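Chain by chain, the residues run as shown.
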Amino acid sequence: MRTVIVGSTNPIKLTAVQTGFGAMFPQERFNFRGIDVPSGVSAQPQSDAETLQGARQRAANAQEQVPEADFWVGIEGGVDVLPGNSETLLAFAWVVVLSAEQRGCARTGAFVLPVPVAELVLGGIELGEADDQVFGTQGSKQHNGAVGLLTRDVLTRDGFYAQAVQLALIPFINPHLYPKRIGSECP
């Protein structure tokens, strides 16, 4: 049984990693464990680059804390303004997967946040807290998140992230097509 360390204790992220690995490696058995590691970026990353950096650092910090594992995963949600329209805010996440031999990364799709949520986030409030204020919920970050709230749970937050985990695992199931890992950067 191989061990996968997720650089977060958020149950949504852990479920997404379990789903992603299960789909991509259906014949293998894994032990999944979430650990609390710093992302090294702001609580609410405000750009694509900062969000990717947070996912990279979560994966690298997980690897540093549990070096005997087989895989380390970082997931970081973030926001960025729509190019050419500084008032429209997009939400998305980056996923980085590391092993001793390989690395992979992928980004989720992006969706436009409603103006009341975007205004709160641009004012310095974390997306989960902004969602809770606008939608009158509690702890949405640990449950369905903005994507679930806005799609009436047609898209769940764990499902949204799981697809990006699957995409980040492409180099692991096609190692002959991807160069070996150098550092923790995405290809």
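Check the entry above for the structure.
Predicted, not measured: the structure shown is a model, and the values here were computed from it.

## A short note on the packing of aromatic side chains
Okay, step 1: Overall, the coordinates contain eleven aromatic pairs when judged by the stated rule.
Okay, step 2: Between Phe30 and Phe32, the aromatic rings sit 5.7 Å apart at their centres with planes inclined by 45°, giving tilted as the arrangement.
Okay, step 3: Residue Phe30 is classed as buried on the basis of its relative accessible area, which comes to 13%.
Okay, step 4: Ring centres 6.1 Å apart and planes at 65° place the aromatic pair Phe30 and Phe71 in the edge-to-face group. With a gap of 41 residues between them, Phe30 in strand 2 (residues 30-34) and Phe71 in strand 3 (residues 71-82) connect regions that are remote in the sequence.

## Remarks on the pairing of strand 1 (residues 2-6)
Okay, step 1: Of the strand pairs in this sheet, strand 1 and strand 2 are connected by five bridges, and their pairing is parallel. Pairing of Val4 across the sheet is with Phe32, part of strand 2.
Okay, step 2: As paired elements, strand 1 and strand 3 share three bridges and run parallel to each other. Counterpart to Val4 in the pairing with strand 3 is Phe71.

## Digging into the side chain of Gln44
Okay, step 1: Structurally, Gln44 is set in the loop between strand 2 and helix 2 (48-65).
Okay, step 2: At a separation of 2.8 Å, a polar atom in the side chain of Gln44 contacts the main-chain amide nitrogen of Leu127.
Okay, step 3: If we skip the residues at most four places from it in the chain, Gln44 touches Gly77, Gly78, Val79, Val121, Ile125, Glu126 and Leu127.

## Structural notes on the pairing of strand 3
Okay, step 1: Examined bridge by bridge, strand 3 and strand 4 (residues 85-98) share eleven bridges and lie antiparallel to one another. Residue Glu76 lies in a different strand from strand 4, and its bridge partner there is Trp94.

## Things to note about the environment of Glu129
Okay, step 1: Among the secondary structure elements, Glu129 is positioned in helix 4 (residues 127-135).
Okay, step 2: Overall, the relative accessible area of 46% leaves Glu129 in the partly exposed class.
Okay, step 3: In this structure the C-alpha to C-alpha distance between Glu129 and Ala23, which are 106 residues apart in sequence, comes to 31 Å.

## Details of helix 4
Okay, step 1: Where helix 4 is concerned, the buried positions are Leu127, Gly128, Ala130, Asp131 and Asp132.
Okay, step 2: Those residues of helix 4 hidden inside the fold are in contact with strand 3, strand 4, helix 3 (115-122) and helix 5 (145-151).
Okay, step 3: With its phi angle positive at about 65°, Gly136 sits one or two positions after the end of helix 4.

## Quick word on the pattern of salt bridges
Okay, step 1: Under the defined criterion, the tally for this structure stands at three salt bridges.
Okay, step 2: The salt bridge partner of Arg2 is Glu28, with a shortest N-O separation of 3.0 Å. Placement of the pair is Arg2 in strand 1 and Glu28 in the loop between helix 1 (11-24) and strand 2, with a sequence separation of 26 residues.
Okay, step 3: When its relative accessible area of 29% is taken as the criterion, Arg2 is described as partly exposed.
Okay, step 4: A relative accessible area of 35% places Glu28 in the partly exposed class.
Okay, step 5: The residue Glu76 makes a salt bridge to Arg58 at a minimum N-O spacing of 2.5 Å. Here Arg58 lies in helix 2 and Glu76 lies in strand 3, a separation of 18 residues in the sequence. In terms of burial, Glu76 and Arg58 fall into one category: buried.

## Thoughts on a nonpolar patch on the surface
Okay, step 1: A cluster of nonpolar side chains, namely Val134, Phe135 and Leu150, defines an oily patch on the protein surface of about 210 Å² accessible area.
Okay, step 2: Note on placement: Leu150 falls in helix 5.

Analysis parameters
- Residues numbered from 1 in each chain as written.
- Predicted model: local features only at pLDDT ≥ 70, side-chain atom pairs only at ≥ 80, totals over all residues.
- Heavy atoms only, no water.
- Phe/Tyr/Trp six-rings, centres within 6.5 Å; stacked < 30°, edge-to-face > 60°.
- Buried < 20%, exposed > 50% of the residue type's maximum accessible area, 1.4 Å probe, protein only.
- Helix = DSSP H or I, 4+ residues; strand = E, 2+ residues; numbered from the N terminus.
- Pairing = 2+ DSSP bridges.
- Polar contact = N/O pair within 3.5 Å; in protein donor to acceptor, adjacent residues only side chain to side chain.
- Contact = heavy atoms within 4.5 Å.
- Salt bridge = Lys/Arg side-chain N within 4 Å of Asp/Glu carboxyl O.
- Patch = residues over 30% accessible without salt bridge, like charges linked within 9 Å, V, L, I, M, F, W, Y side chains within 5 Å.
- Areas by Shrake-Rupley, 256 points an atom, 1.4 Å probe, with all protein chains shown as cover.

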